[in-house]
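# Per-entry structural report
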Amino acid sequence: MKLILSSLFLVSLVLGLPVHSVLQEKASTKPPFFILAGDSTTAKQTSGGGGWGDGFLNTTLFNGASGKNYGHNGATTVSFRTGGDWGEVLSTVESVKADYRPFVTIQFGHNDQKPAANISLAEYTKNLEAFVAEATDAGATPILVTPLSRRNYDNSTGQPTIIQSLLNETKATVTAARHSGAIYINLNKRSTDYLNAIGPEKAYTYNLNADDRTHLNIGGSIVFGGIVAELIEIYRPDLKEQGFIHVNEELVSDVGKGIYYWPTGIN
Ligand SMILES: *[C@@H]1O[C@H](CO)[C@@H](O)[C@H](O)[C@H]1NC(C)=O
Ligand SMILES: *[C@@H]1O[C@H](CO)[C@@H](O)[C@H](O)[C@H]1NC(C)=O
Ligand SMILES: *[C@@H]1O[C@H](CO)[C@@H](O)[C@H](O)[C@H]1NC(C)=O
Ligand SMILES: *[C@@H]1O[C@H](CO)[C@@H](O)[C@H](O)[C@H]1NC(C)=O
């Protein structure tokens, strides 16, 4: 027990979290409930969008763990709040917290970065920090997620390489995590590395439609949802040890080695 407590203390120090809240939250054996806040690259698969959210919820949670996908096509860190989605996220935290440990994943950037949105990187960063503070106050553990890579390649060197159009937003998300003391997972880096390894022809098999290099079809949702789950496990091995999160081992192994993976049973 003493060892566990002192290692938790160390984790708290390293992550800059209040020791008290980490202890309270980790001591719980309630299943986690993942509330997903984000844009169309988190949202469920429809004609207008589709991200990693449903693949994550459908295939990586076990043993009573659950969640809900609030990904909203076209959302920015501003519209997600003004349009009422963020209010729904917070009321879901309230309604599930008696029975679950609520987590709120927060991933934006694809629309915030569009000039028409008129949202500066400083505003984007502040908006993410506000989401973190409010999710924490509501009783959830926030997890910032850097934006999923688009599947556009530069071929000018002879070796197709992902055009990193979301690096500013990735850095800003990391900054928001540092300022607010939240956990972050670097989905942008992990997805970029994998897409670089498999190349464009394989990468396009995840496209929602032939020419849609931003949104994911069901197979893509399962692959990138699995990557999100794996990254969460790295910060929260307790959720894996308690059997709440499990990622297909072949997926983890292939993505880790840069080998193309397509989930079995999905057309
Ligand atoms: C997730 O499950 C729902 C309900 O069964 C289904 O409609 C959807 O296609 C699934 N999506 C993915 C990405 O697995
Ligand atoms: C963009 O945002 C800035 C800062 O909020 C504001 O001053 C400016 O009027 C906005 N521009 C447009 C075109 O909406
Ligand atoms: C790079 O090559 C891929 C595969 O042939 C192609 O789909 C893509 O459009 C090319 N990228 C650019 C920027 O031309
Ligand atoms: C990243 O931000 C810098 C300024 O901070 C800007 O000059 C650059 O164009 C941005 N890059 C992209 C891809 O938006």
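Residues numbered from 1 in each chain as written. Chains lettered and ligands numbered in written order. Predicted model: local features only at pLDDT ≥ 70, side-chain atom pairs only at ≥ 80, totals over all residues.

The protein chain carries the name SGNH hydrolase-type esterase domain-containing protein in an unreviewed UniProt entry, which gives Penicillium steckii as its organism.

What follows deals with the site of ligand 3. Around ligand 3, the surrounding shell consists of Tyr-153, Asp-154, Asn-155, Pro-160 and Pro-200. Classifying every residue of the shell around ligand 3 by side-chain character gives three nonpolar, one polar and one charged. (Near = placed C-beta within 6 Å. Nonpolar A, V, L, I, M, F, W, Y, C, P; charged D, E, K, R; others polar.)

Across the sheet, five strands lie side by side as β2-β1-β3-β4-β7; this open sheet has parallel pairing. Edge positions in the sheet fall to β2 (66-69) and β7 (183-185), since each has one partner strand and no second. For this sheet, the mean angle separating the axes of adjacent strands, direction not counted, is 25°. The strands touched by helix α6 (residues 121-138) are β1 (32-38), β3 (101-107) and β4 (141-145); relative to β4, the strand with the most contacts, the crossing angle is about 155°. (Pairing = 2+ DSSP bridges. Helix = DSSP H or I, 4+ residues; strand = E, 2+ residues; numbered from the N terminus. Axes fitted to C-alpha atoms, helices over the stretch in contact; angles between N-to-C directions. Contact = placed C-beta atoms within 7 Å.)

Before going further, it helps to examine the environment of Leu-167. Position of Leu-167 among the secondary structure elements: in helix α7 (residues 167-180). Owing to 14 C-beta atoms within 10 Å, Leu-167 belongs among the partly exposed residues under this scheme. Considered as a pair, Leu-167 and Pro-147 are 20 residues apart in the sequence and their alpha carbons are 8.7 Å apart. (Buried ≥ 20, exposed ≤ 12 C-beta atoms within 10 Å, placed from the backbone.)

This paragraph deals with the confidence of the model for the protein chain. Taken residue by residue, the protein chain gives an average pLDDT of 93. The fraction at 70 or more is 90%. This model gives residues 1-20 a pLDDT under 50, and the stretch forms 14 contacts once residues within four places in sequence are excluded. (pLDDT = per-residue confidence, 0-100.)

On to the nonpolar core, then. Counting residues in each nonpolar core, the largest one holds 64 residues, and the members touching the most others are Ile-35, Ala-37, Val-104, Leu-144 and Val-228. The element best represented in this core is helix α9 (residues 218-235), accounting for eight residues. If we ignore the near neighbours within four places in the chain, the residues touching Val-228 are Trp-52, Phe-56, Val-145, Ile-185 and Leu-187. (Core = buried A, V, L, I, M, F, W, Y, C linked by C-beta atoms within 7 Å.)

Moving on: α6. Helix length check: α6 (18 residues) gives 26 Å between terminal C-alpha atoms against 26 Å at 1.5 Å per residue, within 8%. Turning to α6, its buried residues number three or more, namely Tyr-124, Thr-125, Asn-127, Leu-128, Glu-129, Phe-131, Val-132 and Ala-135. Structurally, α6 contributes buried residues whose contacts are with β1, α5 (85-96), β3, β4 and α7. Looking one or two places after α6, you find Gly-139, whose phi comes out positive at around 110°. (Expected span 1.5 Å × (residues − 1).)

We now examine the environment of Glu-129. Tracing the chain through its elements places Glu-129 in helix α6. Residue class for Glu-129 comes out buried when judged on the 20 C-beta atoms lying within 10 Å of it. Placed 53 residues apart in sequence, Glu-129 and Ala-182 show a C-alpha to C-alpha distance of 8.7 Å. Setting aside anything within four residues of it in sequence, one finds Glu-129 in contact with Ala-176, His-179 and Ser-180.

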